[in-house]
Amino acid sequence: IPNSSLRVSPLLTDLYQFTMAYAYWRAGRHNEPAVFELFFRDNPFGGGFSLFAGLSDCLMFLRNFRFKKEDVEYLRSVLPSDTDPDFFTYLKELDCSAVSVSAVSEGTVVFARVPFLEVSGPLAIVQLLETSLLCLVNYASLVCTNAARFRLAAGPKRRLLEMGLRRAQGPDGGLTASRYTYIGGFDLTSNALAGRLFGIPVTGTMAHSYVTSFSSLEEVWPQTLVPSRGGDPIDLICLVKGWLGRVCQLLGTKPQRVREGELAAFLSYAIAYPQNFLPVIDSYSVSCSGLPCFCAVALALCQLHYQPLGIRLDSGDLCRQSVEVRRVFRECSNHFTVPAFESFIIVCTNSVSEQSLAELNKRDNEIDAVGVGTHLVTCTSHPSLGCVYKLVEVRGCPRMKLSEDPEKSTLPGRKAIYRLLDTEEILQATKWTNAIVRESSYTISQVR
């Protein structure tokens, strides 16, 4: 499966990784067996956990790790001029065939200061991998964790749509967000490329720009629609106008307050996609125009035996509006005897955050699905996970960093993780001890 790791060159790292690798090589230490561990120091978002993500990208990166001729020539131009030329020959032949990775499974819950990925192999090569692996894991794990927190806030039934591509940190950030928010618990993405590359279900209908691009019913073309069960084309404009008068009478709405351009936009889209009709209804006024227009078009589609999907709200008091919209749907269903109105979905967007999603659940609402963008993909409240990659063993001997800052001290030696569960399989604690990790089926499984 194509993924971001195929675009990650071995040069996507910090220059000092090469100067250290050269020093190891110059001293004859480059092939000494070494072990590094990857972990983070503090749980993100003020919570108690993170989800590990990015493992498949890491493994793909390692499998494809090779320096191209032009990569080596570039390094020759930027490293100090007294670098031994034989070092560049060494780089040309370098790969990760001698590297082993042990890790928890993708999507596993992990905790602060508990190593969830271990890299072992020749000292110089596993040193060179540091920055690239951190780059592949840090944001993937952070945004996956953020998605899981949104899922917990939303509850298990409400559908979540990731729609943050336009607010993401570049194309790679957008693809990474779409991929790992799906792992974190989102149901759908608006990102078409992520759908193609990773098999994520995609969704989307219309934006406000589509609605505001229309100003008159004269812009609707074609104006007819063939019924779902066949037959002669029906003049949909005339049919909808008839339904609009009846809807306005039922709802007590003044027909002159309905925006003709909005009605034209809904008609044009319904003719294009009669089975996928889900417009945004707040371009002007939900109660005075958007909702009556939707109901009129939906009633016409139902009369022609099509099944509209529902509506999207993108501004204002989403909870209050969703309750009012649902009330109108039920009123139309009962008054016009159209049961399809009972199954219409209400999608809400509008800068939704984890906090606002949790608040939403405390109020009466009729929201079926929530679209989340900015606060999901940018991880607004915690922009970096802060994963680190630390040396814990060389030549079988433990290594430890003390530091002037006790928070940055490391525990020496390789470790095994044990998850302690009570009789109901509820996690009570995570313990870890200094041990060689190789066969634990509980938490760390080795991938070669």
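First, a word on what this report is: a plain description of the structure on this page. Just so it is clear, the structure is predicted and the values come from calculations on it, not from any experiment. (Residues numbered from 1 in each chain as written. Predicted model: local features only at pLDDT ≥ 70, side-chain atom pairs only at ≥ 80, totals over all residues. Heavy atoms only, no water.)

**Digging into the side chain of Glu 32**
Next up, step 1: By the secondary structure assignment, Glu 32 is in the loop between α1 (15-26) and β1 (33-40).
Next up, step 2: Note on Glu 32: relative accessible area 15%, which makes it buried.
Next up, step 3: Within the local environment of Glu 32, its side chain forms a polar contact with the side chain of Arg 29, the two groups lying 3.0 Å apart.
Next up, step 4: Aside from chain neighbours lying at most four places away, what touches Glu 32 is Gly 121, Pro 122, Leu 123, Val 394 and Arg 395. (Helix = DSSP H or I, 4+ residues; strand = E, 2+ residues; numbered from the N terminus. Buried < 20%, exposed > 50% of the residue type's maximum accessible area, 1.4 Å probe, protein only. Polar contact = N/O pair within 3.5 Å; in protein donor to acceptor, adjacent residues only side chain to side chain. Contact = heavy atoms within 4.5 Å.)

**Overview of the pairing of strand β12 (residues 369-372)**
Next up, step 1: By the alternation rule, side chains of β12 split into Ala 369 and Gly 371 and Val 370 and Val 372, which are all buried.
Next up, step 2: Relative to β12, strand β11 (residues 345-348) runs parallel, the two being bridged by two bridges. Within β12, the residue paired with Cys 348 across the bridge is Val 370.
Next up, step 3: Assessed by its sense of winding, the connection that carries the chain from β11 through helix α14 (residues 354-360) to β12 is right-handed. (Pairing = 2+ DSSP bridges. Right-handed = clockwise from strand over helix to strand, strands pointing away.)

**What to know about the sheet that holds β11**
Next up, step 1: The five strands lie next to each other as β7-β6-β12-β11-β10, forming an open sheet whose pairing is parallel. The sheet is open, and its two edges are formed by β7 (188-189) and β10 (310-313), each paired on a single side.
Next up, step 2: Judged from the four bridges that link them, strand β6 (residues 159-162) and β12 form a sheet pairing that is parallel. Bridge pairing in β12 links Leu 161 to Gly 371.

**Remarks on the packing of helix α10 (residues 236-251) against helix α11 (residues 260-272)**
Next up, step 1: The N-to-C vectors of α10 and α11 enclose an angle of 130 degrees; their axes lie 11 Å apart at closest approach. Put simply, α10 runs oblique to α11. Regarding α10 and α11, the two cross each other, and that crossing is right-handed. Residues Leu 236, Ile 237, Val 240 and Leu 244 of α10 form the contact with α11, whose own contacting residues are Leu 263, Leu 267 and Ile 271.
Next up, step 2: Of the residues that constitute the contact of α10 with α11, the class distribution is seven nonpolar, no polar and no charged. (Axes fitted to C-alpha atoms, helices over the stretch in contact; angles between N-to-C directions. Parallel < 35°, antiparallel > 145°, perpendicular 65-115°, else oblique. Left-handed = near helix turned anticlockwise from the far one by under 90°. Nonpolar A, V, L, I, M, F, W, Y, C, P; charged D, E, K, R; others polar.)

**What to know about the environment of Trp 25**
Next up, step 1: When you line up the elements, Trp 25 lands in helix α1.
Next up, step 2: Taking the relative accessible area as the measure of exposure, Trp 25 reaches 17% and is therefore buried.
Next up, step 3: Considering only alpha carbons, one finds Trp 25 and Tyr 90, 65 residues apart in sequence, at a separation of 8.9 Å.
Next up, step 4: Dropping the residues within four chain positions of it, Trp 25 is found in contact with His 30, Asp 84, Asp 86, Phe 87 and Tyr 90.

The analysis is restricted to geometry; functional conclusions fall outside its scope.
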